[in-house]
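Architecture at a glance
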Amino acid sequence: MKTTCSFLRAAVCVPIFLVGSSGWAQQGYNPMGAAVNPLAPAGSSTESSPPSAAPNPEFGDLPDGEGAEETYYQCIACHSTAIIRQQHLSDARWDYLWTWMVKEQGMYEPDDETKSTILAYLKTHFSSER
Ligand code: HEC
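Conventions used here
Counting starts from 1 at the beginning of each chain's written sequence and moves along it residue by residue. Reporting of local features is limited, given that this is a predicted model, to residues whose pLDDT is at least 70; pairs of side-chain atoms are given and counted only at 80 or more, and all residues count toward the totals for whole chains, interfaces and linings. Note on terminology: a nonpolar core is any set of buried Ala, Val, Leu, Ile, Met, Phe, Trp, Tyr and Cys residues joined through C-beta atoms within 7 Å. Using C-beta atoms placed from the backbone, we call a residue buried if 20 or more other C-beta atoms fall within 10 Å of its own, exposed if 12 or fewer do, and partly exposed for counts in between. To qualify as a helix, a DSSP run of H or I must reach at least 4 residues; to qualify as a strand, a run of E must reach at least 2; elements of each kind are numbered from the N terminus. By the convention adopted here, residues make contact when the C-beta atoms placed from their backbones lie within 7 Å. Inter-axis angles, ranging from 0 to 180 degrees, are taken between N-to-C directions of lines fitted to C-alpha atoms, where helices are fitted over the stretch in contact. Here the word oblique covers every angle except those under 35 degrees (roughly parallel), over 145 (roughly antiparallel) and from 65 to 115 (roughly perpendicular). We call Asp, Glu, Lys and Arg charged. Ala, Val, Leu, Ile, Met, Phe, Trp, Tyr, Cys and Pro are nonpolar, and the rest, Gly among them, are polar. A score from 0 to 100, pLDDT tells how confident the predictor is in each residue. Crossing chirality is assigned from the near helix's rotation relative to the far helix, an anticlockwise turn below a right angle marking it left-handed and a clockwise turn marking it right-handed. To estimate the expected span of a helix, subtract one from its residue number and multiply by 1.5 Å.

Here we take up the nonpolar core. Counting ten residues, the largest nonpolar core is built from Leu-62, Ala-68, Cys-75, Ile-84, Leu-89, Trp-94, Ile-118, Tyr-121, Leu-122 and Phe-126. In terms of residues, this core owes the most to one element, helix α5 (residues 112-125), which gives three residues. The contact partners of Ala-68, leaving out residues within four places of it in the chain, are Asn-56, Phe-59, Leu-62, Pro-63 and Tyr-121.

Where helix α2 (residues 68-75) meets α5, the axes come as close as 9 Å, and the angle between the chain directions of the two elements is 105 degrees. Accordingly, the angle class assigned to the pair α2 and α5 is roughly perpendicular. Mapping the contact onto sequence places Ala-68, Glu-70, Thr-71 and Gln-74 in α2 and Thr-114, Thr-117, Ile-118, Tyr-121 and Leu-122 in α5. Tallied by class, residues from the contact of α2 with α5 come to four nonpolar, four polar and one charged.

What follows concerns unusual backbone geometry. Here the phi dihedral of Asp-61 falls at roughly 65 degrees; this positive angle occurs in a residue that is not glycine. Tracing the chain through its elements places Asp-61 in the loop between β1 (55-56) and β2 (62-63). Asp-61 gets classed as partly exposed once you count the C-beta atoms within 10 Å, which come to 18.

Averaged over the protein, the pLDDT score is 78; the fraction of residues at 70 or greater is 60%. A low-confidence stretch, residues 11-27 stays under pLDDT 50, and its non-local contacts, those more than four residues away or across chains, total zero contacts.

As a further point, take the packing of helix α4 (residues 91-103) against α5. Contact pair α4 / α5: the axes reach a minimum separation of 10 Å and the direction vectors enclose 140 degrees. Looking at the two axes, α4 sits oblique to α5. Helix-helix and strand crossings are classified by hand; for α4 and α5 the assignment is right-handed. Here α4 contributes Asp-91, Trp-94, Asp-95 and Trp-98 to the contact with α5, which in turn contributes Leu-119, Leu-122 and Lys-123. Classifying every residue of the contact of α4 with α5 by side-chain character gives four nonpolar, no polar and three charged.

This part is about α5. Over its 14 residues, α5 runs 20 Å from end to end, which matches the ideal 20 Å to within 8%, given 1.5 Å per residue. If you check which residues of α5 are buried, you get Ile-118, Tyr-121, Leu-122, Lys-123 and His-125. Where α5 is buried, its residues touch β2, α2 and α4.

This next bit is on the environment of Leu-62. Tracing the chain through its elements places Leu-62 in strand β2. Once the C-alpha coordinates of Leu-62 and His-125 are considered, the two residues, 63 residues apart in sequence, prove to be 9.0 Å apart. With residues up to four places along the chain from it excluded, the contact list for Leu-62 reads Pro-55, Asn-56, Ala-68, Thr-71, Tyr-72, Thr-81 and Arg-85.

Attention now goes to the environment of Glu-70. Mapped onto the elements of the fold, Glu-70 is located in helix α2. Residue Glu-70 is classed as partly exposed on the basis of its 18 C-beta neighbours within 10 Å. Sequence spacing of Glu-70 and Phe-59 is eleven residues, and the spatial spacing of their C-alpha atoms is 9.3 Å. Setting aside chain neighbours within four positions, we find Glu-70 in contact with Thr-114, Thr-117 and Ile-118.

Quick look at the structure:
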């Protein structure tokens, strides 16, 4: 009797070892291929914008500051501001993303002045460098 029991238990145990090793197959959200590394050091540990700039509900909670309005109207055409607010990127990365948005997504490119206002705003409020 006892021997039968322990034999059965062994038979049941084996398949359990085979379950539960699905691993980390799913990569993080990444529309732009290899360049985005979610594990890269993000600089400061603050969650979104510097605490000094209050989110402005009129502009999708983008932090107040010069360029908030321009950024809002430029970027809201395709996605919410949340995708911007969660970023901490290097200056170079913002330049790259701008070009990506224009070239790959067909973003309308405003005049140079507006462009530099928006990029300055992004680099100020959503930076990994400062
Ligand atoms: C013409 C459409 C369009 C416009 C306008 C646009 N984007 Fe995007 N953006 C996209 C698409 C498409 C994605 C990919 C994610 C998605 O499908 O929502 C994206 C993704 C992003 C991401 C996430 C990139 C990542 O690494 O995950 C950021 C940040 C971003 N956009 C910022 C901006 C900013 C800032 C502006 C305004 C200057 C802007 N976008 C304007 C189409 C646009």
